[in-house]
Number of protein chains: 2
Amino acid sequence: MREAFHDQLDGIFVDLAEMCGQVEVAVNRATAALLTGDAGIAEQVISADREIDTNRERVEDNAFALLSLQQPVAGDLRTVVAALRMVSELERMGDLSVHVAKIARLRVPNIAVPESIRETMVRMAETAEDMVRRVKAIIADRDVEAAIELGRDDEIMDQLRRKSFAELLGDDWAHGVEAAVDIALLGRYYERIADHAVSVANRVVFVVTGEMVSRRDN
Amino acid sequence: MREAFHDQLDGIFVDLAEMCGQVEVAVNRATAALLTGDAGIAEQVISADREIDTNRERVEDNAFALLSLQQPVAGDLRTVVAALRMVSELERMGDLSVHVAKIARLRVPNIAVPESIRETMVRMAETAEDMVRRVKAIIADRDVEAAIELGRDDEIMDQLRRKSFAELLGDDWAHGVEAAVDIALLGRYYERIADHAVSVANRVVFVVTGEMVSRRDN
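Thresholds, definitions, all that
Residues numbered from 1 in each chain as written. Chains lettered and ligands numbered in written order. Predicted model: local features only at pLDDT ≥ 70, side-chain atom pairs only at ≥ 80, totals over all residues. Heavy atoms only, no water. Salt bridge = Lys/Arg side-chain N within 4 Å of Asp/Glu carboxyl O. Helix = DSSP H or I, 4+ residues; strand = E, 2+ residues; numbered from the N terminus. Buried < 20%, exposed > 50% of the residue type's maximum accessible area, 1.4 Å probe, protein only. Least-squares fit on C-alpha atoms with pLDDT ≥ 70 in both. UniProt positions renumbered as here; feature names shortened; annotations may be inferred. Phe/Tyr/Trp six-rings, centres within 6.5 Å; stacked < 30°, edge-to-face > 60°. Lys NZ or Arg CZ within 6 Å of the ring centre and 35° of its normal. Axes fitted to C-alpha atoms, helices over the stretch in contact; angles between N-to-C directions. Parallel < 35°, antiparallel > 145°, perpendicular 65-115°, else oblique. Left-handed = near helix turned anticlockwise from the far one by under 90°. Contact = heavy atoms within 4.5 Å. Nonpolar A, V, L, I, M, F, W, Y, C, P; charged D, E, K, R; others polar. Buried area = accessible area lost by both parts, 1.4 Å probe.

Draft legend 1. Region of the structure containing the pattern of salt bridges. Residues and elements named next belong to chain B. A complete count under the given rule lists 44 salt bridges over all chains for this structure. With its nearest N and O atoms 3.1 Å apart, the salt bridge here joins glutamate 91 to arginine 56. Taken together, the positions of glutamate 91 in helix H3 (residues 74-107) and arginine 56 in helix H2 (residues 39-70) put the pair 35 residues apart, joining distant regions of the chain. Just as glutamate 91 is buried, arginine 56 falls in that class too. Across the pair glutamate 129 and arginine 133 runs a salt bridge whose closest N-O atoms are separated by 3.3 Å. Of the two residues, glutamate 129 and arginine 133 both sit in helix H4 (residues 115-141), four residues apart, roughly one turn of that helix. Take glutamate 129: its relative accessible area is 12%, and that puts it in the buried class.

In structure tokens:
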């Protein structure tokens, strides 16, 4: 019974890591669509989100089955509930990638990101994608050290967000209101992807150690 | 045993309704701070968020205790897990109110919302607050009809968001980039509060009927 339980639980974590890989692809493509103004890539992100949603449902069904049939207690119970939360966050990260793709699509044939702020946006996008990639490994390997390190790197995203605001609101900004609003919302979406990545990593720490990592609210 | 279970479950729903009341106050005060530029009210929202977080922890502890000690199955299990999700969403709605309050505080002694777009922002804020108020009653009464009606009203928020963008991006906008960015982010925060309200209402439908309400992603 216990062995079957742990096999099934491992299966759920394999599915979570796979979903995280799908989110990584979504973030990567959404950024590509954004920086190139390619409507086709944006559409791919939007339509592929259905697969992430389908995977969420499968993970949820499996987690419920595990709770119902195996009646875990203590640490095992907390692990299954943590998995349910992780799956919600991964789905949300997919939704946020769709939001980025939709801004890209809205501006086609133009590019939403003006040249002067491109470097900052690229760094935000790369930071978000890098965090998602690392979370995938953290889930797969239950890697507590890497998870704690990820939490520290969240500060990089905060700095980039402040930098983007300084650029938007500086006297040099020559791209008008529409581009500024796009950049502010894109920054919010990438920041939230990073927040969720940290939150998922913290849940892995909790699953392994039983200790909650204290978190800031964003 | 079953009776004790249902008493404890009722207690969790009482706590959820109370948290929703705290969120309602937070949304109301954040809006007041925003429209008056009152830093003191903004601070109240920010510091009161700790109480919402404390309540979240209590609800989570109670829900875990219920899962561990009573080992519910089928519908009862799904209800407890739904409660765990509702509590996360309510906490998040509190965080979003804090975001609104922080934009208000950032612009003191000025007011972040220019006169020309004030009416639209007031309607967004009132819509969000009204939805939170109704969710409180929906949780307390397990009112499926009211929950389904709330989902329909989400369209009002979408219309207001589109209206605010039309105003921001129109030729008449004379308030510059900073105010536009503030309005775009504020709109996003109120919209997300409304989304979470709908999601919490949908979970009440699920708890009562066993049927998931299909949802859009925002």
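Resuming the write-up.
Draft legend 2. The relation of the copies chain B and chain A, seen in detail. Expressed as a screw transformation, the operator carrying chain B onto chain A has a rotation angle of 180° and an axial translation of 0.0 Å, and the superposed copies differ by an RMSD of 0.0 Å. Taken together, the rotation and translation describe the operation of a two-fold axis.

Draft legend 3. Just the UniProt feature "domain: PhoU" (unreviewed entry) in chain A, in detail. Residue and element names in this part refer to chain A. Under the local residue numbering, the UniProt record ascribes the feature "domain: PhoU" (unreviewed entry) to residues 16-103 and 122-204. End C-alpha atoms of residues 16-103 are separated by 27 Å, and the span's content is 94% helix alongside 0% strand. Taken end to end, residues 122-204 has its terminal C-alpha atoms 28 Å apart, with 90% of it in helix and 0% in strand.

Draft legend 4. Representation of the packing of aromatic side chains. Following the criterion strictly, the structure yields zero aromatic pairs over all chains and no others. Taking NZ or CZ as reference, B:Arg78 lies 4.1 Å from the ring centre of A:Phe64, over its face.

Draft legend 5. Layout of unusual backbone geometry. Note the cis peptide between A:Val108 and A:Pro109, where omega equals 5°. One can find A:Pro109 in the loop between helix H3 (74-107) and helix H4 (115-141). In the Ramachandran plot, B:Gln71 falls in the positive-phi region, its phi being about 45° despite a non-glycine side chain. On the secondary structure map, B:Gln71 appears in the loop between H2 and H3. Backbone geometry at B:Arg142 places phi at a positive 45°, although glycine is not the residue there. Structurally, the position occupied by B:Arg142 is in the loop between H4 and helix H5 (144-169). The class of B:Arg142 is partly exposed, set by a relative accessible area of 26%.

Draft legend 6. Molecular detail of the packing of H3(A) against H3(B). As a packed pair, H3(A) and H3(B) sit with axes 11 Å apart at the nearest point and diverge in direction by 50°. The orientation of H3(A) with respect to H3(B), classified from their angle, is oblique. In this structure, H3(A) crosses over H3(B), and the sense of that crossing is right-handed. Contacts between H3(A) and H3(B) pair A:Val81, A:Leu84, A:Arg85 and A:Ser88 from the former with B:Val81, B:Leu84, B:Arg85 and B:Ser88 from the latter. Classifying every residue of the contact of H3(A) with H3(B) gives four nonpolar, two polar and two charged.

Draft legend 7. Layout of the environment of A:Ile52. All names here are of chain A. If you trace the backbone, isoleucine 52 turns up in helix H2 (residues 39-70). Owing to a relative accessible area of 3%, isoleucine 52 belongs among the buried residues under this scheme. Once the C-alpha coordinates of isoleucine 52 and alanine 26 are considered, the two residues, 26 residues apart in sequence, prove to be 9.7 Å apart. Leaving out residues up to four positions away in the same chain, isoleucine 52 has contacts with Met19, Gln22, Val23, Leu90, Glu91 and Gly94.

Draft legend 8. Expanded view of the interface of chain B and chain A. Across the contact, 39 residues belong to chain B and 39 residues belong to chain A. The junction of chain B with chain A conceals about 3100 Å² of combined surface from both sides, 57% of it contributed by carbon and sulfur atoms. Contact with chain A buries area across many residues of chain B, yet B:Phe64, B:Arg85 and B:Val177 alone supply 18% of it, more than any other trio. Taken together, the links from chain B to chain A amount to two salt bridges.

Draft legend 9. Up close: the packing of helix H1 (residues 2-36) of chain A against helix H6 (residues 176-209) of chain A. All names here are of chain A. Two elements in contact, H1 and H6, have axes whose closest approach is 13 Å; the angle formed by their N-to-C orientations is 165°. Comparing the axis directions of H1 and H6 gives the class roughly antiparallel. Helix-helix and strand crossings are classified by hand; for H1 and H6 the assignment is left-handed. The residues of H6 that touch H1, namely those facing Phe13, Val27, Thr31 and Leu34, are Leu186, Tyr190, Ile193 and Val207.

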